[in-house]
Every structure is written in C-alpha cells, then in structure tokens.
Amino acid sequence: MAIEKTESQDILDRTRKSFGYQWREFKDISAEDENHFLNYIHPVEPSFFEGKVGLDAACGFGRHLFFSGRYGAKLAVGMDFSDAIISSKENTADIPNVRTVRGSAYDMPFRPGSFDYIYCISALHHMPDPEGAYRELLKFLKPGGSIFIWVCSKTRGRLNAMLEAVRGVTTKMPYGLLKALCLLAAVIDFGAFILPYRLLKWLPVINRLAPKRIKLYARFPFHTCYADWFDRLSAPIRFYYDRNDMEGWADRAGLENVEISPTALYGWRLYGEKAS
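These remarks concern the structure in this document. (Residues numbered from 1 in each chain as written. Predicted model: local features only at pLDDT ≥ 70, side-chain atom pairs only at ≥ 80, totals over all residues. Heavy atoms only, no water.)

**Some details on the nonpolar core**
Of all hydrophobic cores here, the largest spans 45 residues; its most connected members are F37, I41, F49, Y117, Y119 and F148. Taken together, the elements giving at least two residues each to this core come down to α1 (7-25), α2 (33-40), α3 (63-70), β4 (115-121), β5 (141-152), α7 (175-200), α9 (212-217) and α10 (222-234). Considering every element that reaches this core, the biggest residue donor is α7, with seven residues. With sequence-adjacent residues up to four places away left out, F148 is seen in contact with I41, V44, F48, F49, Y117, I118, Y119, C120, L270 and Y271. Counting residues in each nonpolar core, the second largest holds 34 residues, with V53, V77, I149 and I260 among its members. (Core = buried A, V, L, I, M, F, W, Y, C linked by side-chain atoms within 4.5 Å. Buried < 20%, exposed > 50% of the residue type's maximum accessible area, 1.4 Å probe, protein only. Helix = DSSP H or I, 4+ residues; strand = E, 2+ residues; numbered from the N terminus. Contact = heavy atoms within 4.5 Å.)

Structure, rendered in structure tokens:
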C-alpha cells in the first residue's frame, strides 16, 4: 500500500525522523523490559516463540526483538523504517537467530505469507492510516499465523485531550530543546512521585492510593521514564482506541481466536489468528 507524496507522506517523514532520533538517544534495554514485553503481548507466553519465524514490525531500538529472539524463535526479524534500526541491530548483535532490516508497514520488503507471527507494539497509532497498516501486516502472515498488537487507549479522554494540546507545541520543537524539557519532566516525575512511592509502598494506604502509572514506573530505571516522556511528546501523530475499535479491526480482517484486553487505562491489546 504505497503512500502518496501528500500530507500523509510528510507525517511519515517526520515520524521517521522523530523515532530515529529518539531510539538512537534512548537505546538502553533494561531487565524490566522483559515483563513489559510479556504484558504487551498477553496471552502469548515465551514458549510460543520456539521454532517459529516472526516479525517485530516497527521494532524501534530492539527491546522486544531481543526477548523474542531469546525465547527460541527459529528466526526473529526486526523491521523499522527509521535510524532506530541501527540501535536494534546493535542491541541484538549477539543473538544469532535475529535479523534486522529497514522497511515500513506501507512498503514491506518480504514475500507475502512469510511469517508464523507478527507483532507491532506501540507503533500503529503513530501511522497516518493505522488500520490500513495493520491490514498490510496481515498479508505477510501465514494462514493460521498469529498477530498481536498494542495501541493507545481513548479511555482517559480528558488526559488525552490535555496531552494533545501540549503535543501541539512540543512536536514542533527542535529535538535538543524537547529532550531538555523531557529531562525536566522526568526529574519531577521521578523525584516527586516515583521515588516516594518506592520508599513508602510498604504502607497499605500508599500502596492503595498510588496510581497504576506510578506503580508501573517504579519498576523501571530513570532512563525509561525519561525516554517515555520524549516518546509521548515527540511523535507527530497519535491516535487513540477502545474495545469497539479493536473488535472492528479484528472483524474486518476476518481474524479467528481473537482476544482483546486492556492494559490498565492506557492501552489495548489485540491478539488474533489469520484464517487458514
């Protein structure tokens, strides 16, 4: 599905530049990324990958590709259309069953029906036509193969609206200035909320009242919080979805054995299998 040289192509170009910068600057994989990956791909377990040929579409700096390769995939391929693919290659260089390649969901460098599984985590909602890109990915899945994705949730309507208002400014900033702003946001976030929770979570009242977001980031190092601030404020576009949207995607794609589930209030997981 080629994208014409229009506004959509301009968005893709800006997105490529944004994520290329982001994942060259923030390319460290942490041990906690493994649990995060497994949470994103529920109901899939590590044993699922054994002996399969799969694709990590929009693999970024390779944090998920790293684990799918380690879980025993026969071949785990990471694809990204930005310079993030350089970080992905560096981070998976010691895993012999992993390969990386430049490519886009709108211009896939593979033969149709090449993969036993395809996953795309936290990327489709940054594309000009997210469902169209999803349908393109399905062309490269074998009959009976599995696809699993994660997209942002529209559940937090007011918060999303506030974020989009801020992004109207930050997406136009020079990356160096935005990085400094995100460092400040991460320092405040970590110092005022995350570290105090780490120190006081043994208190029942603190553990009960702390937002799930704070509990999540308390598991990660500072650089993850910093990178995520940049991620949420830099990408040119960001769409939001609910269960009905995901059900529509699955129905229109003719998927079987579909499972749709939320990750708290911030995202939706969709798992399905291509009809045989």
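**Some details on the sheet that holds strand β2 (residues 75-80)**
Pairing is mixed in the open sheet, where seven strands are placed in the order β3-β2-β1-β4-β5-β7-β6. Each end of this open sheet is capped by a strand with a single partner; those strands are β3 (98-102) and β6 (256-263). Averaged over all adjacent pairs, the angle separating strand axes in this sheet is 15°, with direction ignored. The sheet contact formed by strand β1 (residues 53-57) and β2 spans five bridges and is parallel. Paired with D56 across the two strands is G78, which belongs to β2. (Pairing = 2+ DSSP bridges. Axes fitted to C-alpha atoms, helices over the stretch in contact; angles between N-to-C directions.)

**So, the packing of helix α6 (residues 157-170) against α10**
It is the contact of α6 with α10, at a shortest axis distance of 8 Å, that shows an interaxial angle of 85°. Relative to α10, the element α6 is oriented roughly perpendicular. Contacts between α6 and α10 involve L163, V166, R167 and T170 from the first element and R232, L233 and S234 from the second. Residue composition of the contact of α6 with α10, by class: three nonpolar, two polar and two charged. (Parallel < 35°, antiparallel > 145°, perpendicular 65-115°, else oblique. Nonpolar A, V, L, I, M, F, W, Y, C, P; charged D, E, K, R; others polar.)

**Describing the pairing of β2**
Residues in a regular strand project their side chains so that they alternate between the two faces of the sheet. Where burial is concerned, most of β2 is hidden: five out of the six residues are buried. One crossover worth recording links β1 to the parallel β2 by way of α3, and it is right-handed. Bridge analysis of β2 against β3 gives five bridges, and the strand direction is parallel. Bridging across to β3, M79 finds its partner in V101. Each parallel crossover has a hand, and the one from β2 via helix α4 (residues 84-91) to β3 is right-handed. (Right-handed = clockwise from strand over helix to strand, strands pointing away.)

**Description of the pairing of β5**
Most of β5 is tucked away: nine of the 12 residues are buried. As paired strands, β4 and β5 are joined by six bridges and run parallel to one another. Bridge pairing in β5 places F115 opposite L141. Pairing analysis gives seven bridges linking β5 to strand β7 (residues 267-273), with the strands arranged antiparallel. Note that in β7 the partner of S146 across the bridge is E273.

**Here's the deal with unusual backbone geometry**
Cis rather than trans, the peptide bond between H42 and P43 has omega equal to 15°. Inspection of the secondary structure puts P43 in the loop between α2 and β1. Phi at S122 takes a positive value of approximately 55°, unusual for a residue other than glycine. With respect to the helices and strands, S122 occurs in the loop between β4 and α5 (130-138).

Geometric values such as these leave the question of function open.
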